[in-house]
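# Overview (structure and organization)
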Amino acid sequence: MAYDTDNIFAKILRGEAPCIKVYEDEHTLAFMDIMPQMDGHTLVIPKQEAETLYDLSETSALACMKTVQHVGKAVAKAMNFEGTTIFQHNGKAAGQTVPHFHFHILPGPIFGAKALKGHAVEFADTDELQAIADKIIACLD
Ligand code: 5GP
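Our subject in this report is the structure included herewith. Small disclaimer: the values here were computed from a predicted structure and weren't measured. (Residues numbered from 1 in each chain as written. Predicted model: local features only at pLDDT ≥ 70, side-chain atom pairs only at ≥ 80, totals over all residues. Heavy atoms only, no water.)

## Section: the pairing of strand E5 (residues 103-106)
Formally: Buried means the residue's accessible area, taken with a 1.4 Å probe over protein chains only, is under 20% of the maximum for its type, while exposed means over 50%, and partly exposed covers the values in between. Under the scheme used here, helices are H or I runs from DSSP no shorter than 4 residues and strands are E runs no shorter than 2 residues, and both carry numbers assigned from the N terminus. At least two DSSP bridges between two strands are required for those strands to pair.
The alternating pattern of E5 places Phe103 and Ile105 on one face and His104 and Leu106 on the opposite face, and all of these are buried. Pairing of strand E4 (residues 85-87) with E5 involves three bridges; the strand directions are antiparallel. Within E5, the position partnered with isoleucine 86 by the bridge is isoleucine 105.

The following block contains the structure:
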């Protein structure tokens, strides 16, 4: 299917929609999920127009993994949690709601976690998200 240039992450990349950024480089952008499933829920996206994992160029795939490593460690440290859960969906049928490739980084478990909120359900307070982003940024190597 053709890439939808009107999707919200494409708008964020073009600067047409806001985001709470934690990291950016030539090929990737990391920012806070606006409807976090737990505190610290962060997204990593490629700048390439790609809907799923299977549409990524080798350069984007490698760059996304590098950014997930970099940001994921900072998310865990900032949220005082020893591990992370990294996941991503490919296609609407698999539960993908924004058709621009992204990794989710969660500082906690998905399975059996009582504190886990629903997927893309509840908007977080912007000031609280910014405060968490500041902590993550401070923990980046
Ligand atoms: P998916 O369902 O595609 O795997 O995940 C999309 C994620 O994007 C969800 O976790 C949802 O909360 C998040 N999201 C949706 N719209 C926005 C937005 O406008 N800004 C940000 N920062 N996150 C968004």
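## Some points on the sheet that holds strand E1 (residues 21-24)
To keep it simple, the criterion reads: Axis geometry follows a simple rule: fit a line to the C-alpha atoms, using only the stretch in contact for helices, then measure angles between N-to-C directions, giving values from 0 to 180 degrees.
Pairing within the open sheet is antiparallel, and its five strands lie in the order E1-E2-E3-E5-E4. Looking at the sheet topology across the chains shown, the edges are occupied by E1 and E4. Pairwise comparison of adjacent strand axes, ignoring direction, gives a mean angle of 20 degrees for this sheet. Pairing analysis gives three bridges linking E1 to strand E2 (residues 28-32), with the strands arranged antiparallel. By the bridge assignment for E2, glutamate 24 is matched with leucine 29.

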